Amino acid sequence: MPTTIGATLPAPEPLLLLQGVSKTFQNASDTTIVFRDLALELHRGEITCLQGPSGSGKSTIISLIAGLMVPDAGRVVFDGQDVGDMTDAERSQVRATRIGTVLQSGNLLPFLTAAENVAMARRLTGAEHSTERVASLLDQVGLAGRGHHLPRRLSGGEAQRAALAVALANDPDLLLADEAVGQLDAATAVLVMDLLESMARARGLAVLLVTHDEEVAALGSRTVRLIEGHLEATA
Amino acid sequence: MSIDLHQDPSPAGGSQGPGERIAVTGLSMEYDSPSGQVRALDDVALSVEPGSSLAVVGPSGCGKSTLLGILGGLEVPTEGEVRIGAHVISSMPNGERAALRRRVFGFVFQADNLQPFLTVSENVGLQSVLAGVLDEPSGRQALLDALDIGALGHRFPDQLSGGQRQRVAVARALVHGPGLVLADEPTGSLDPVNSDRVVELLLRLHREQGATLVVVTHDRAVAARMDAVVSMRDGRVLATEARQL
C-alpha cells in the first residue's frame, strides 16, 4: 500500500462558525461597538471556554450563536447553514432541537418540579415522553432522587444542575453555557465538567462555556479570551 | 411521581368558565430553618368565591407567600385542609397535584421567569403544552393583543421592557383558561405606571375568563382593586375586608 508522507486530513468542518462578525449597540445618545470582524470556530467534541472582562460582549456572542440577535456584518454558520438565511421558524427549530442553553440566572420554571422542567424541555423538541430518560438526565447531573422537588426547594447548586439537565434534554449538538459552572462548588464543578467532557467525547457534543473561573477553564479543551472586541486564543 | 406531559389535547380554554372555589380550614405550616422550627402559618381559614379576586397583604415574613404556595399546590401543609373546587389538594398524591397545577392553575411571580431562548409567543405557548390544551395561534395572538403586546410575539424577552415582560408572564398564566390564577408580588419589580397597567389587564382578563384570582402584594393600591383583602401577620389572618361595591 503506498504511503504518503506528510499528507494531512482535511480540517473538519466546524459545527459553528463566526466569520467577520461585527456588532454595535445604539441608543439615543451613543453607539457602542461590541466587536468588529470577530472569528470563532466551535468543533464537535471540544469544550471551548470563553473568558473576558464583564461587559466585553461574551453574552452577546451567546445570543448571536443562538440566533437571538443578528450581526451587523459577517456570518454565523451552524452546521454548514448560514443562520442569517434561515426563517424565524427554522431558527426556532434549530434552537429547540440542536442547541442547549444554560444561563447563570437559571431558566427553571418555578411552578414545575425539576423533573417536570426536564420533561417540558424534551416535549418542546417533539421527543417522546420518557420517564427513564428524564431520570437518567437528572442522575447524570447528580440529582438522582431530587426530581420531585420544585426549584424553590433546591439549593443554588442543585438548581443550576437541574438547569443543565434541562439544557441537555434535547440531546443537543451544541451546548451554550453562560457562567453556569463557575458558581458550583469545586467538587460539583468537576462532576459537571467530567459529564460535559464525556458527552463531547462520546457523541461529539460541542460546548461553549463562558466562565470567570480559571480552574473550570483549565478543564476545557481550549480557552479563548474576548478583550476589547478581539478574541485571543490562550491555550 | 407523574411527569406525563402528553395528555390528550383538549381545546384551549376548555376549562374556562366559573373559576374555582377556594376553601381553607385549620391550615398550618411548619418547617425547619437554620435558626430552628418556623411556624409560617398558624390555623388559617379562608374562603374565596368562584370568579372573585382576593388580595393577601401583610409585612415580610407574615406567611402570605407560603399561603399562596400551598394554594397553588407548590407546598404541602403540615396541618389543615385546602380545597380548590372539588379537589382536596392538601392530601392529594404528588402526581395528581402536579397535573392539577399544570392544567387548572396559572402562576405569575415577581420575576417573570421567561425562557430567554424562546420568543414571546413560544413562551406563552409553553403553558398550553403543559396543560395539554390545543393552542390555537389565533387565541394566543388575541391574548397578546388584549395585553397590548400583540406586535411583540416574535421578539425575545431580552428585547422587551420590564412591563412588557411581565405582561407576557400574565399571558402565559392565562392562555390555558385556568380556573385559578395565583400571583405573588406580580408588580413588585415595576414602576407605578407599569404596575397599574399590569394590574388593570390582569383584572380585566380574570373577569372576562371568569377565573378566581389571588394576589399576594405589599402594595395597598394593588390590593384595593381586588374584591376582598386578607391581612396577615405572624402566620395568622388578622382581618378580611370586602371592597364596597
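Refer to the structure presented above.
Residues numbered from 1 in each chain as written. Chains lettered and ligands numbered in written order. Predicted model: local features only at pLDDT ≥ 70, side-chain atom pairs only at ≥ 80, totals over all residues. Heavy atoms only, no water.

Novice: I'm lost on the overall build of chain B in this one. Help?
Specialist: Scanning chain B for helices and strands turns up seven helices and 12 strands. For chain B, the spread of C-alpha atoms along the three principal axes comes to 45 × 40 × 40 Å. Of the roughly 10,100 Å² of accessible surface on chain B, 49% is carried by carbon and sulfur atoms. Across chain B, the centroid of the 21 positively charged side chains sits 2 Å from that of the 29 negatively charged ones. (Helix = DSSP H or I, 4+ residues; strand = E, 2+ residues; numbered from the N terminus. Areas by Shrake-Rupley, 256 points an atom, 1.4 Å probe, with all protein chains shown as cover. Lys, Arg positive; Asp, Glu negative; His and termini not counted. Charge placed at Lys NZ, Arg CZ, Asp CG, Glu CD.)

Novice: What exactly am I supposed to notice about the interface of chain B and chain A here?
Specialist: One widely used convention gives an interface's size as the accessible area the parts lose upon coming together. At the junction of the two partners, chain B supplies 27 residues and chain A supplies 32 residues. Carbon and sulfur atoms make up 67% of the area that chain B and chain A hide from each other, which totals about 2,800 Å². Our count for the chain B to chain A interface comes out at four salt bridges. One salt bridge in this structure joins Glu75(B) and Arg152(A), with 2.9 Å as the shortest N-O distance. The tally of links between chain B and chain A comes to nine residue pairs in polar contact (both at pLDDT 80 or more). Going through the elements one at a time, helix H2 (94–104), strand S7 (105–109) and helix H3 (120–131) of chain B are the ones with two or more residues in the side of chain B that touches chain A. Residue contributions to the side of chain B that touches chain A peak at five residues, all from H3(B). (Contact = heavy atoms within 4.5 Å. Buried area = accessible area lost by both parts, 1.4 Å probe. Salt bridge = Lys/Arg side-chain N within 4 Å of Asp/Glu carboxyl O. Polar contact = N/O pair within 3.5 Å; in protein donor to acceptor, adjacent residues only side chain to side chain.)

Novice: I tried to follow the nonpolar core on my own but got confused; where do I start?
Specialist: The nonpolar side chains of a soluble globular protein tend to be buried with one another. One finds Leu164(A) and Leu196(A) to be the most contacted residues of the largest nonpolar core, which totals 41 residues. Going through the elements one at a time, strand S3 (47–51), helix H3 (114–124), helix H4 (131–140), helix H5 (156–167), strand S7 (174–178), helix H6 (186–203), strand S8 (206–210) and helix H7 (214–217) of chain A are the ones with two or more residues in this core. With sequence-adjacent residues up to four places away left out, Leu196(A) is seen in contact with Ile47(A), Leu164(A), Leu175(A), Leu205(A) and Val207(A). Within the second largest apolar cluster, 40 residues are counted, among which are Val24(B), Val48(B), Cys62(B) and Val104(B). (Core = buried A, V, L, I, M, F, W, Y, C linked by side-chain atoms within 4.5 Å. Buried < 20%, exposed > 50% of the residue type's maximum accessible area, 1.4 Å probe, protein only.)

Novice: Would you mind going over the sheet that holds strand S9 (residues 180–184) of chain B with me for this structure?
Specialist: The strands making up a sheet associate through backbone hydrogen bonding, with each pair oriented either parallel or antiparallel. Residue and element names in this part refer to chain B. Strand order in the open sheet made by the six strands is S7-S9-S10-S4-S11-S12, with mixed pairing throughout. At either margin of the open sheet sits one strand with a lone partner, and together these are S7 and strand S12 (236–242). Between one strand and the next, the sheet's axes are offset by a mean angle of 15°, whatever the strand orientation. As judged from the four bridges shared by strand S4 (residues 53–57) and strand S10 (residues 212–216), these two strands associate in the parallel manner. When the sheet's bridge partners are listed, Leu-54 is paired in S10 with Val-214. Here helix H1 (residues 64–71) sits on the sheet and contacts S4, S7, S9, S10 and strand S11 (228–233); the angle it forms with S9, its principal contact strand, is near 155°. (Pairing = 2+ DSSP bridges. Axes fitted to C-alpha atoms, helices over the stretch in contact; angles between N-to-C directions.)

Novice: Mind showing me how you'd approach the sheet that holds S3(A) here?
Specialist: Residues and elements named next belong to chain A. If you trace the six strands from one edge of the open sheet to the other, you get S6-S7-S8-S3-S9-S10, paired in mixed fashion. Each edge of the open sheet is held by one strand with a lone partner, namely strand S6 (99–103) and strand S10 (230–233). For this sheet, the mean angle separating the axes of adjacent strands, direction not counted, is 20°. Where S6 meets S7, five bridges bridge the pair, whose relative direction is parallel. The partner of Gly-100 across the bridge, within S7, is Leu-175. Strands S6 and S7 of the sheet are contacted by helix H2 (residues 88–98), whose axis makes an angle of about 75° with S6. Set on the sheet, H5 makes contact with S6 and S7; between it and S6 the angle comes to about 165°.

Novice: What should I look at first to understand the pattern of salt bridges in this one?
Specialist: For side chains of opposite charge, pairing can occur when their charged atoms come near one another. All names here are of chain A. Scanning the model with the defined rule gives 25 salt bridges over all chains in all. A salt bridge links Asp-171 to Arg-133, with the nearest nitrogen and oxygen atoms 2.5 Å apart. Of the two residues, Asp-171 is situated in the loop between H5 and S7 and Arg-133 in helix H4; the sequence distance between them amounts to 38 residues. Judged by relative accessible area, which is 22%, Arg-133 ranks as partly exposed. Overlapping salt bridges bring together Arg-44, Asp-79, Arg-98 and Asp-173 as one network.

Novice: How should the pairing of S6(A) be read in this particular structure?
Specialist: Looking along a regular strand, one sees the side chains alternate between the two faces of the sheet. Taking burial as the measure, the five residues of S6(A) include five buried ones, the bulk of the element. With burial as the criterion, each face of S6(A) is covered, one bearing Ile99(A), Thr101(A) and Leu103(A) and the other bearing Gly100(A) and Val102(A).

Novice: For this particular structure, what's the right way to read unusual backbone geometry?
Specialist: What is expected of a backbone is that most residues other than glycine have negative phi and most peptide bonds are trans. Positive phi, close to 50°, is recorded for Asp79(A), a residue that is not glycine. Among the structural elements, Asp79(A) can be located in the loop between strand S4 (73–78) and strand S5 (81–82). Accessibility expressed as a relative area gives 33% for Asp79(A), which makes it partly exposed. Phi is positive for Glu185(B), which is not a glycine, with a value near 50°. Tracing the backbone shows Glu185(B) in the loop between S9 and helix H6 (192–209).

Novice: Would you mind showing me how to read the packing of helix H5 (residues 162–174) of chain B against H6(B) here?
Specialist: To describe two helices that pack against each other, one gives the angle between their axes and the distance between the axes. All names here are of chain B. Two elements in contact, H5 and H6, have axes separated by 10 Å at closest approach and are oriented at 15°. Regarding the angle of H5 to H6, the classification is roughly parallel. Every pair of crossing elements has a handedness; the one defined by H5 and H6 is right-handed. Taken together, the residues of H6 that come into contact with H5 (itself represented by Gly-163, Gln-166, Arg-167, Val-170 and Leu-174) are Asn-194, Val-198, Leu-201, Leu-202, Leu-205 and Gln-209. Partitioning the contact of H5 with H6 into residue classes produces six nonpolar, four polar and one charged. (Parallel < 35°, antiparallel > 145°, perpendicular 65-115°, else oblique. Left-handed = near helix turned anticlockwise from the far one by under 90°. Nonpolar A, V, L, I, M, F, W, Y, C, P; charged D, E, K, R; others polar.)

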